[in-house]
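Now for the letters of each chain:
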Amino acid sequence: HQRTLSALAVARGGDQPGARLTVVGGAVEPSYARALRRLADVLGVADAVTFTTGLSEGALAAHFRSADVLVMVSEHEGFGVPLLEAMAAGVPVVALGAAGVPETMGGAGVLVPNQDPATVAAAADMCSACRMSRLAMAGHLARSLSMPSICRMLGTRANRASGTTGALPAMK
């Protein structure tokens, strides 16, 4: 979240002075949420950031539908369910090409090589500017995913992590 806030500051200081960020989901630690709010203030973007928590599924879906881009630059992201949710909603994704993210994205969206705020801001700007190709850019993978393919993907990742070759049971 800190890197995304920094990228917002870069965007607003450059070609995207009207850029906004909505952080969806509650922080596990209240102190973390306070730190994010302080950082937004220090970076001069507090007026451009909205923190939302406790959303219903419908409200979350509405946030995805109204988003120009999902930015997720966590170094330790597992499967990345928000990536799939965004892609299913036709929202372009910018994500750090680390951990399980490249496999989850399967070529959809934009993988950034690092968390540099200027790099992330440029990628988000590019995705936002490509609204006409949202589905071509982000939705093809999510539309093709089925529960069995997700289980196979998770099974492959679990096998790599454990060094085994067994598969998850087939889903019907």
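Everything discussed here concerns the structure shown above.
Residues numbered from 1 in each chain as written. Predicted model: local features only at pLDDT ≥ 70, side-chain atom pairs only at ≥ 80, totals over all residues. Heavy atoms only, no water.

1. Considerations on the pairing of strand S1 (residues 21–24)
Side chains Leu21 and Val23 project from S1 onto a buried face, and the interleaved Thr22 and Val24 project onto a face without burial. In this structure, S1 lies alongside strand S2 (residues 49–52), joined through 4 bridges in parallel fashion. Paired with threonine 22 across the two strands is threonine 50, which belongs to S2. (Buried < 20%, exposed > 50% of the residue type's maximum accessible area, 1.4 Å probe, protein only. Helix = DSSP H or I, 4+ residues; strand = E, 2+ residues; numbered from the N terminus. Pairing = 2+ DSSP bridges.)

2. Description of helix H6 (residues 117–129)
Spanning 13 residues, H6 covers 18 Å between terminal C-alpha atoms, matching the ideal 18 Å at 1.5 Å per step. Among the residues of H6, Pro117, Val120, Ala121, Ala123, Ala124, Cys127 and Ser128 are the ones counted as buried. Take H6 and look down its axis: the buried residues cluster within an arc of 165 degrees, on one side only. (Expected span 1.5 Å × (residues − 1). Arc of directions from axis to C-beta.)

3. What to know about the layout of surface pockets
Left-over empty space is what a probe sized like a water molecule reveals as it rolls over the atoms. Roughly 1200 Å³ of volume is contained in the largest pocket. If you trace the largest pocket, you find 37 residues lining it, with Leu21, Thr22, Val69, Leu70 and Val71 closest to the centre. Those elements that provide at least two residues to the lining of the largest pocket are helix H1 (2–13), S1, helix H3 (57–66), strand S3 (70–72), helix H4 (81–88) and H6. Among the elements that make up the lining of the largest pocket, the one with the highest residue count is H1 (6 residues). Residues of the lining of the largest pocket, tallied by class, amount to 20 nonpolar, 11 polar and 6 charged. (1 Å grid on protein atoms, 1.4 Å probe; cavity = no way out; pocket = protein on both sides within 12 Å on 5 of 7 lines; lining within 4 Å. Points joined across faces, edges and corners; volume = space filled by probe spheres on them. Nonpolar A, V, L, I, M, F, W, Y, C, P; charged D, E, K, R; others polar.)

4. Concerning the pattern of salt bridges
Applying the stated rule across the entire model yields 1 salt bridge. Aspartate 47 is the partner of arginine 12 in a salt bridge, and the nearest nitrogen-oxygen pair spans 3.9 Å. Taken together, the residues arginine 12 in helix H1 and aspartate 47 in the loop between helix H2 (30–42) and S2 connect sequence positions 35 residues apart. Classification of arginine 12 as partly exposed rests on a relative accessible area of 23%. Overall, the relative accessible area of 58% leaves aspartate 47 in the exposed class. (Salt bridge = Lys/Arg side-chain N within 4 Å of Asp/Glu carboxyl O.)

5. So, the sheet that holds strand S4 (residues 93–96)
Taken together, 3 strands build an open sheet; the order of strands is S3-S4-S5 and the sheet is parallel. This sheet does not close on itself; its edge strands, each paired only once, are S3 and strand S5 (110–112). The average undirected angle you get between the axes of adjacent strands in this sheet is 15 degrees. Where S4 lies against S5, 3 bridges are found, and the strand directions are parallel. The partner of alanine 95 across the bridge, within S5, is leucine 111. Helix-sheet contacts for H4 involve S3 and S4, and the interaxial angle to S3 is about 165 degrees. This element, H6, spans S3, S4 and S5 of the sheet and lies at about 170 degrees to S5. (Axes fitted to C-alpha atoms, helices over the stretch in contact; angles between N-to-C directions. Contact = heavy atoms within 4.5 Å.)

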